[in-house]
Each structure stands twice: as structure tokens, then as C-alpha cells.
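Listed here are the chains, written in short residue letters.
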Amino acid sequence: MELTPKAKKTMVTAALIGPAAIWLFVFMVLPFFAILVFSVGERAPAGGYQPAFTFDQFANLGARAAAFVNTLTLAPIGAIACLLIAYPLAYYLAVKVDPRRRLLLVSLVVVPFWTSMLVRTYSWMYLLGARGIPHVLELIGIENVRLINTPGAVLLGIVYGYLPLMILPIFVSLEKLDRRLLEASADLGAKPISTFFNITLPLSLPGVMTGVALVTILLLGEYLIPQLLGGGKVFFIGNALVDLFLQSRNWPLGSAIAVTLVIVVVAVLLISMRIAWRFAGTRQIDLV
Amino acid sequence: MRAFATAVYLFLYAPIALVVLFSFNSGRSASEFVGFSTQWYGRALSNTFLMEALQTSLIVAFVSATLAAVFGTMAAIGLERVGGRTRAVFDGLFAAAIVVPGVVIGISTLVALVQVFSVLNPALAALWPGQAPPQLGLGYGSIIAAHGMFTMSLVAMIVKARIASLGRDIVEASNDLYATPLTTFRRIVLPQIRPSILAGFLLAFTFSFDDFIIAFFVAGSNNTLPMYIFASIRRGVTPEINAVATMVLAASIVMIVIARFLMRDKKTAD
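Residues numbered from 1 in each chain as written. Chains lettered and ligands numbered in written order. Predicted model: local features only at pLDDT ≥ 70, side-chain atom pairs only at ≥ 80, totals over all residues. Heavy atoms only, no water.

Tell me about the overall build of chain B, residues and numbers included.
Helix and strand counts for chain B come out as eleven helices and zero strands. Mapped in sequence order, the helices and strands of chain B form the string α-α-α-α-α-α-α-α-α-α-α. When its C-alpha atoms are laid out on the principal axes, chain B stretches across 70 × 70 × 30 Å. The burial tally for chain B puts 49% of its 270 residues in the buried class. Nonlocal contacts in chain B, meaning residues at least 24 apart in sequence, comprise 69% of its contacts between residues at least 6 apart. Separation of charge centres in chain B, based on 18 positive and 12 negative side chains, amounts to 1 Å. (Helix = DSSP H or I, 4+ residues; strand = E, 2+ residues; numbered from the N terminus. Buried < 20%, exposed > 50% of the residue type's maximum accessible area, 1.4 Å probe, protein only. Contact = heavy atoms within 4.5 Å. Lys, Arg positive; Asp, Glu negative; His and termini not counted. Charge placed at Lys NZ, Arg CZ, Asp CG, Glu CD.)

Give me the overall build of chain A: which residues, what numbers.
Summing up its helical and strand segments, chain A has twelve helices and zero strands in all. If you list the helices and strands of chain A from N to C, you get α-α-α-α-α-α-α-α-α-α-α-α. What you see for chain A is a C-alpha radius of gyration of 24 Å, clearly larger than the 19 Å of a compact globule of 288 residues, by over 25%. The principal-axis extents of the C-alpha atoms in chain A amount to approximately 80 × 70 × 30 Å. The buried share among the 288 residues of chain A stands at 51%. Long-range contacts, defined as pairs at least 24 residues apart, comprise 72% of the intrachain contacts of chain A with a sequence gap of at least 6. Across chain A, the mean location of the 21 positive side-chain charges is 4 Å away from that of the 13 negative side-chain charges. (Rg over C-alpha atoms; globule rule 2.2 N^0.38 Å.)

So what's going on with the nonpolar core? Which residues, and what values?
Counting residues in each nonpolar core, the largest one holds 165 residues, and the members touching the most others are Leu93(A), Tyr162(A), Met166(A), Ile170(A), Leu241(A) and Phe217(B). Beyond its immediate stretch of four places on either side in the chain, Met166(A) contacts Ala79(A), Cys82(A), Leu83(A), Ala86(A), Gly211(A), Val212(A) and Val215(A). (Core = buried A, V, L, I, M, F, W, Y, C linked by side-chain atoms within 4.5 Å.)

Explain empty space enclosed by the protein to me, and be specific about the residues and the numbers.
Residue and element names in this part refer to chain B. Under the criterion given, the structure shown has two cavities of 30 Å³ or more. Estimates place the volume of the second largest cavity at around 30 Å³. In this structure, the second largest cavity is lined by Ser57, Val60, His147, Ser208, Phe209, Asp211, Thr224 and Pro226. Counting residues per element, the ones that place at least two in the lining of the second largest cavity are helix 3 (48-78) and helix 8 (181-210). Its residues placed into classes, the lining of the second largest cavity shows three nonpolar, four polar and one charged. (1 Å grid on protein atoms, 1.4 Å probe; cavity = no way out; pocket = protein on both sides within 12 Å on 5 of 7 lines; lining within 4 Å. Points joined across faces, edges and corners; volume = space filled by probe spheres on them. Nonpolar A, V, L, I, M, F, W, Y, C, P; charged D, E, K, R; others polar.)

So what's going on with the UniProt feature "domain: ABC transmembrane type-1" (unreviewed entry) in chain B? Which residues, and what values?
As annotated in UniProt, the feature "domain: ABC transmembrane type-1" (unreviewed entry) corresponds to residues 54-259 of chain B in the numbering used here. Along residues 54-259 of chain B, the helical share is 82% and the strand share 0%, with 22 Å between the first and last C-alpha atoms. (UniProt positions renumbered as here; feature names shortened; annotations may be inferred.)

Hey, could you go over the pattern of salt bridges for me, with residue numbers and the actual values?
All names here are of chain A. Here the structure, examined in full by the defined rule, presents four salt bridges over all chains. A salt bridge links Asp243 to Arg64, with the shortest nitrogen-to-oxygen separation between them at 3.0 Å. Remark: Arg64 occurs in the loop between helix 2 (56-59) and helix 3 (65-96) and Asp243 occurs in helix 11 (residues 237-247); sequence separation between them is 179 residues. For Asp243, a relative accessible area of 22% puts it in the partly exposed group. Overall, the relative accessible area of 23% leaves Arg64 in the partly exposed class. Residues Arg180 and Asp178 are paired through a salt bridge, measuring 2.9 Å at the closest nitrogen-oxygen approach. Note on Arg180: relative accessible area 60%, which makes it exposed. (Salt bridge = Lys/Arg side-chain N within 4 Å of Asp/Glu carboxyl O.)

Go over the interface of chain A and chain B, please, and point to the residues and values.
Chain A puts 77 residues into the contact, and the matching count from chain B is 81 residues. Both sides together, the interface formed by chain A and chain B hides about 7,200 Å², and carbon and sulfur atoms give 81% of it. When residues of chain A are sorted by the area they lose upon contact with chain B, Trp23(A), Trp114(A) and Tyr126(A) head the list and together hold 11% of the total. The interface formed by chain A and chain B holds zero salt bridges in total. Viewed at the interface, chain B and chain A are joined by nine residue pairs in polar contact (both at pLDDT 80 or more). Of the residues forming the side of chain A that touches chain B, the biggest block, 19 residues, is contributed by helix 1 (residues 5-39) of chain A. (Buried area = accessible area lost by both parts, 1.4 Å probe. Polar contact = N/O pair within 3.5 Å; in protein donor to acceptor, adjacent residues only side chain to side chain.)

Can you tell me about the environment of Trp23(A), naming the residues and giving the values?
Relative to the assigned elements, Trp23(A) resides in helix 1. Once residues within four sequence positions are removed from consideration, Trp23(A) is found in contact with Met28(A), Leu67(B), Ala68(B), Phe71(B), Ile144(B), Ala145(B), Gly148(B), Met149(B) and Met152(B).

Explain the UniProt feature "domain: ABC transmembrane type-1" (unreviewed entry) in chain A to me, using residue names and the numbers behind them.
Listed under "domain: ABC transmembrane type-1" (unreviewed entry) in the UniProt record, and renumbered for this structure, are residues 68-272 of chain A. Along residues 68-272 of chain A the backbone is 80% helical and 0% strand, and the end-to-end C-alpha distance reaches 20 Å.

Just give me the short version of the UniProt feature "transmembrane region" (unreviewed entry) in chain A, but keep the residues and values in it.
Those residues carrying the UniProt feature "transmembrane region" (unreviewed entry) are residues 12-41, 61-91, 103-122, 153-174, 195-220 and 251-273 of chain A in this numbering. The distance separating the terminal C-alpha atoms of residues 195-220 of chain A is 36 Å; by composition the span is 100% helix and 0% strand.

Help me get a handle on the confidence of the model for chain B, residues and values and all.
Confidence in the prediction for chain B averages 87 pLDDT; 97% of positions are at 70 or higher. Here residues 266-270 of chain B is a poorly scored stretch, pLDDT under 50, and it has five contacts once near neighbours within four places are set aside; other chains count. (pLDDT = per-residue confidence, 0-100.)

Would you mind going over the packing of helix 4 (residues 99-113) of chain A against helix 1 (residues 2-23) of chain B in detail, with residue names and values included?
The contact between helix 4 of chain A and helix 1 of chain B brings their axes to 10 Å, and the two run at 35°. Helix 1 of chain B is crossed by helix 4 of chain A, and the crossing has left-handed handedness. Across the interface between the two elements, Arg101(A), Leu105(A), Val106(A), Leu108(A), Val109(A), Val111(A) and Pro112(A) from helix 4 of chain A touch Arg2(B), Tyr9(B) and Tyr13(B) from helix 1 of chain B. Looking at the contact of helix 4 of chain A with helix 1 of chain B, its residues break down into eight nonpolar, no polar and two charged. (Axes fitted to C-alpha atoms, helices over the stretch in contact; angles between N-to-C directions. Left-handed = near helix turned anticlockwise from the far one by under 90°.)

Pulling in residues and values, what's your account of unusual backbone geometry?
Although it is not a glycine, Asn149(A) adopts a positive phi angle of roughly 65°. Position of Asn149(A) relative to the elements: it lies in the loop between helix 6 (133-139) and helix 7 (151-175).

The following block contains the structure:
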């Protein structure tokens, strides 16, 4: 039997997309379905899971309220802290710096983002730990300074880890800014400061939104930074999940928390996309 | 303004620089540099646990990035040939794979695989003709599957963006000149998307090589390099960890610089 050209084309298309579709289905859709099922189950007496249909786990989320409170406060605070440092730097890179040096300086921002988060967080563990900055302070007479395992240390780690991700989208939106608008504003007698607040800042808001949304979303699932710099005292949802799955072996409650985390992430994503649409023309950003 | 920028770059690089500096310390201290020595590198390289973890990480990163690059590229090309609705579904799936936190990917893969194995292993034992039936379990395969799921989506997005920016006229010209679709693909399309495929591969490799949290859940009894580093950090900070960290940093910096160079090539071509 001879295949029609159309049937042949369909088969080629299916062969091209098939592997990706199967992979996504088996290792993303199916697993998500599995934790959905587990989240309405019960904890088996010896740990693990036993089938049931109950919303007890969701009612019991309050047992891990501290993790939710820490995550939902430190993630936005961290994102804002990143923004406060990132905006001036992005502005400097896009507007002030010599264009010949721009490429190098932007690359220097990108590179840390793609290097091991574990190693970069370790560097602060090293610096803030007893043999790091506190030890140096002791040498000049300031004693008993404790830096590591505090909320401040976690916040510092967050800013350090996610700053590059905040700088990039803001830089892109500022770089695309039409310079003639700035000239026109100046020609019409506006002071630099009012040009900034009336033109530059509003036009860079899509980049700011993208950066804040990206950083917040990634922070919601953070594990390493609170683990290494918070020392079990400042823990996030991610840390609670590791505990529930690998130590206390309460898989149903862990699944309920994981499902809730995904819902929160999707909600943050949808809200920020909604806001981004308000601004004219969202821009694509390059992460590399 | 300039002073501020300098301060930010110092903030970004000084902690890393200190880790690198103290990896060459001949003493054990994190705050006093006693003298220059490469002894910690020697110790790291002769540590069998560490070398096993490195080997696991390299194999997992290479295999998952290769599969991700191949299947991601195939999907990006295939999605050019389908209707808007199918494409939107896949765009959503790719975006979901990238947005869902790593910790959730790790957990859900673990939960699903444990269930699947609990069904498959007895079935396999019942059907197996020989004495010792193979036991399915967590290991290289599960890490590769979970990493690849994520990085394949990354590659598909990168290659799709590149295809979207390609000129259609040259493809049409090739077809008009009676080139077969395969020839057109090989001679016209592939050379233009090759840099983005390679960049996607390198990013996928870097991601997999650096990932801790997904592997933490699905690695079974294997250790990846980040898992080994994490475990040693919990035992205490030593210059040996600094030496390992320095080597990991150097490897990912080389990767990202190459990837960026390749992507840059694409931008000047546009």
C-alpha cells in the first residue's frame, strides 16, 4: 500500500515530536499526577503512603506553617532586594557604560548565574562561618559576632544567587529604550531626574516585572540557600519537603505541600503575566 | 555610578575568588593564608569517592544533554509542521517543565518511579526465565530522565526561537530548485540552527552537572558530584572542598563562555 504524501508528512511529524511528547508525559505529567493522588492519601503506619481519599493532608498544611511563612516573606523580600541593586547596575550597563566594554561587563553578570549555585552558596557559608568574617573581626577586637544561620545570612545568599537573573531582563528593557525619547525630553526642558521618572522608568517596567517574577518563582522552590546559610533555623518549603520525603517519610503530607507549592508558583506566574500584559509589548529575554 | 558598579562586581566575584584563593592554602584555615600549595588538589584527585561522584556526574550530564539536544531539536522542528493548538500545548508543557521547582520535579519523579517499580519488579520476576531477574531501581537512568525532561524543554525553547527567526525564502528557494526535503534540511536549515543546538547542549550539560536537588531525590544509591560536595560541606568546611569547588567553577565557566560565544554568533547573523 502506497502512503499518500499527507499521511507520510503526518508520520514524519509524529516521529519528530513523539520522543519529546513521551518524555514529557512519562516524566512530568505522570509524576505530577502521582503526587496529586498521594496528596489525598494517608500516611502508612510505617511511613510512606497508603491509598485513601481525604483532604486531611491539605487541612494539615498548618503543621508546616513556618516554612510557608518564611518562603512567602523571604522570597518577595529577596526579589525586591535584588531589584534595588540590579536596577542601578542594569541602568549603568545599558545607558552609561562605553559600548565597547558593554559586552564584557554583561558577560561578567551572566557567567555567575550559570555556575554551580551550590559552590556559590558555599562561598558565603565559608565567609560567614566562624572561621571567616567573624574570625577576622575577632582579630581586630570585635568578638562573638554570629552571622551564619540567621535570616540575614539567607537573605544575603538569595541576593548573591539571584542578582544576575534580575539584572539581565532589566538591562534588556533599558537597552532597547529609544534614545530619541530621552533627547526629546531633554530638549523640551525636562531635568534628567524627571526624564528618568517619566520616561526611562515606565518603559523599563516590563523588564522589572520579568525579573521580579522570575526571581520570586525560583525562590519559592529554593532549598540550598536556606539549608546551608540558615542552618535548619530558617527553612523554606523546599526544606520541609526534603524532611517529609527523606526523613520523616510522610509522603502524603509532603505531596500535599508540593501540590500547594506548584499552585502558588502558577498563581504568581499568572498574576505577573497579567500585570506584564498591561504594559505595552512584553519583551523576550535572553538568559545566555 | 561607576563606584556602585564596581562594588556590585566585587560582591559578585570576591566570594568566589576567596574560595579559589584558599583552595591553594597550605594550611587548613579559612581566614589565614599560610602559604601556597596544591596539596588539596592532590587529595581531591586521589579521593576515590569524589572521583566516582565526578564520573557519575559526567556520564549523567553527557547522556542527558545529548538526549535533550536531539529530542529537543526534533520537537522544535516538528512543531513547525503542526497547527497552532498543538504548538500551544507543547509551549505550555515546555514552560511548565522550566517553571516547576526542581524540588517538586525530584519528589514527583521519585514518587512515580517507586510506584512503577513496585508493579514492574514482581511482574518481571514472574516472567523472567532465568534464576536472578533484573531489579529496576533508581540510578543513572532516573537522574538522566529527570534532568533530560527539564533540559530538553530548554533546548526546544532555544532552537524554536532560532527557527522562528530563520528566513523562509531560502528554504522555499531550495525546494523550488528540486532539493528533497531532507537535502534542504541538511544543507539549509541545519547549518543555521547548529549553533543554537550546540549552545542548548552546553547549557543542558551545565545544568545537569550543577544540579543538586533533583539528583538528591532520584539518584538512589549513586552520588553525583554536587551531592558529594553537599555531604562533605555538612561534615565541615575544608580546603579540599575549596579545591573541588574551584574545579567545578572552572568547568562551568568554560562551558558557559563557549555557549555564549555560540549564541553571540547567532545574534550577529540575524
